[in-house]
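Structural characterization, general
Each chain, letter by letter, is given below.
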Amino acid sequence: MSNSTVPRTSTEAETKKTPVASGDATGPQKGGPSTGKPSLRLRFRRDRVLLLMTLPAVLLVLLFNYVPILGNVVAFQEYDPYLSDNGVVSILHSPWVGLENFQRIFEDSAFWNSVRNTLVLFVLQLVLYFPVPILLALLINSVVRPRVRAIAQAVLYLPHFFSWVLVIAVFQQLLGGAGLLSQLLRDHGYDGLSLMTDPDTFKFLVTAQSVWKDAGWGIIVFLAALASVSPDLYEAAAMDGANRWRRIWHVTLPALRPVIALLLVLRVGDALTVGFEQILLQRDAVGPGAAEVLDTFVWWNGVRNQDFGYAAAAGLVKGVISLGLVLIANKVAHLMGEQGVYKK
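In this text the structure is predicted, and so the values were computed from the model without any measurement.

What counts as what
Residues numbered from 1 in each chain as written. Predicted model: local features only at pLDDT ≥ 70, side-chain atom pairs only at ≥ 80, totals over all residues. Heavy atoms only, no water. Helix = DSSP H or I, 4+ residues; strand = E, 2+ residues; numbered from the N terminus. Buried < 20%, exposed > 50% of the residue type's maximum accessible area, 1.4 Å probe, protein only. Contact = heavy atoms within 4.5 Å. Areas by Shrake-Rupley, 256 points an atom, 1.4 Å probe, with all protein chains shown as cover. Polar contact = N/O pair within 3.5 Å; in protein donor to acceptor, adjacent residues only side chain to side chain. Phe/Tyr/Trp six-rings, centres within 6.5 Å; stacked < 30°, edge-to-face > 60°. Lys NZ or Arg CZ within 6 Å of the ring centre and 35° of its normal. Axes fitted to C-alpha atoms, helices over the stretch in contact; angles between N-to-C directions. Parallel < 35°, antiparallel > 145°, perpendicular 65-115°, else oblique. Left-handed = near helix turned anticlockwise from the far one by under 90°. Nonpolar A, V, L, I, M, F, W, Y, C, P; charged D, E, K, R; others polar. Salt bridge = Lys/Arg side-chain N within 4 Å of Asp/Glu carboxyl O.

Comments concerning the overall build of the protein
Along the backbone of the protein there are 17 helices and zero strands. When each of the 344 residues of the protein is scored for burial, the buried share is 30%. Restricting the contact set of the protein to residue pairs at least 6 apart, pairs at least 24 apart contribute 63%. Surface accessibility of the protein: about 22,300 Å² in total, with carbon and sulfur atoms responsible for 66%.

Thoughts on the side chain of Ser-322
For Ser-322, the position within the fold is in helix H17 (residues 308–335). By relative accessible area, which is 11% here, Ser-322 ends up buried. At 2.9 Å, the side chain of Ser-322 forms a polar contact with the backbone oxygen of Lys-318. When residues no more than four places from it in sequence are discounted, the contact partners of Ser-322 are Gly-269 and Leu-272.

Points about the packing of aromatic side chains
The geometry of an aromatic ring pair is captured by two quantities: the separation of the ring centres and the angle between the planes. Following the criterion strictly, the structure yields 12 aromatic pairs and no others. Judged by centre distance (5.9 Å) and plane angle (85°), the ring pair of Tyr-79 and Phe-308 falls under edge-to-face. Residue Tyr-79 is found in the loop between helix H3 (48–66) and helix H4 (87–93), and its partner Phe-308 is found in helix H17; the two are separated by 229 residues along the sequence. Taken together, the ring pairs in this structure connect Phe-106, Phe-111, Trp-112, Phe-297 and Tyr-310 into an aromatic cluster. The positively charged end of Arg-283 is found above the aromatic ring belonging to Trp-300, 4.1 Å away from the centroid. The cationic tip of Arg-304 hangs over the ring face of Trp-300; the distance from NZ or CZ to the ring centre is 4.5 Å.

Brief notes about the side chain of Arg-267
Examined against the element boundaries, Arg-267 turns out to sit in helix H13 (residues 244–269). By relative accessible area, Arg-267 is classed as buried at 17%. If we skip the residues at most four places from it in the chain, Arg-267 touches Phe-122, Gln-125 and Leu-126.

Comments concerning the packing of helix H9 (residues 164–175) against helix H14 (residues 276–286)
In the contact formed by H9 and H14, the axes pass within 10 Å of each other and the chain directions differ by 50°. With respect to their mutual orientation, H9 and H14 come out oblique. For the element pair H9 and H14, the recorded crossing hand is right-handed. Counting all contacts with H9, which are made through Trp-164, Val-165 and Ile-168, the residues of H14 involved are Glu-277, Gln-278, Leu-281 and Gln-282. The residue inventory of the contact of H9 with H14, partitioned by class, reads four nonpolar, two polar and one charged.

Focus: the pattern of salt bridges
Tallying each qualifying case throughout the model produces six salt bridges. Residue Asp-214 pairs with Lys-213 through a salt bridge whose shortest N-O separation is 3.8 Å. On the basis of relative accessibility, which here comes to 9%, the residue Lys-213 falls in the buried class. Here the salt bridges do not stand alone but share partners, grouping Arg-283, Asp-284 and Glu-292 into one network.

Observations regarding the environment of Leu-139
For Leu-139, the position within the fold is in helix H7 (residues 131–141). Exposure remark for Leu-139: the relative accessible area of 52% places this residue in the exposed category. Sequence-wise, Leu-139 and Arg-149 are 10 residues apart; in three dimensions their C-alpha atoms are separated by 9.4 Å.

Written out as structure tokens, the structure is:
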């Protein structure tokens, strides 16, 4: 008799019909398949190794990013750090002034000048700087020879490791009053010029410095996204008659769109932070009217003028506006069908 006709034993039948106990590791758990996701206890046991690995990073973020937020209370005080050697005791004994510091901020023309300079720099860097890593990544990705691609990527990435002091020194040697460009103009009978001390071109100069220094860093992100694109898509588009530009438009750019949306949201959230060290090193050369941004405004009033409560109030206003920009940009990303910083 064949196996298909052999009757099952009672043990086999009971095994088939008996439901798996709820406590069995292989059976449905509380909050398991029946509810769509495992329980919190099961997830903790499953991911305990990963949680332990991330614990040091979480503690560092809490210590250096979230605990200092408590210090924003000095924005509502006339804070005097010299009341005690202990900063906490100084906060507790400093007199409260309520919203007086915020009122001073909104009546201060220097504050609004720093806001204007910050927003102008952000728009310039968004328009002139943000597309550069995308274009360079597309250009490098189109190079066939791997050795040439590696050399090009290394050359573009190298300035990211330079300090701002070195970057500004390089630009000073090229565009300063005694720089290479000025000397070249003098040798041909023209007047020399110093772009490093010209308030009218300062914002474009700062943008050019940021492009030269940090464009290589952005290339890495976009090249990683391009590496995930299947070559079959390019081959299929080529068989359909698409030329190189059509393949970039219909294959490459859609693959980069989620990354572009995420980086754009993060960039908008960082709109009011346009390079503290970079601006501070060149502030005296062009004057605060052209170079003062929110970060240098906070530093100048808090550290140099010792008006800590006023500077903290300006920093708090900046933080609240930045948070609002992140939420708005993330909502726009959701409306465009992208994930953004977090899911809906």
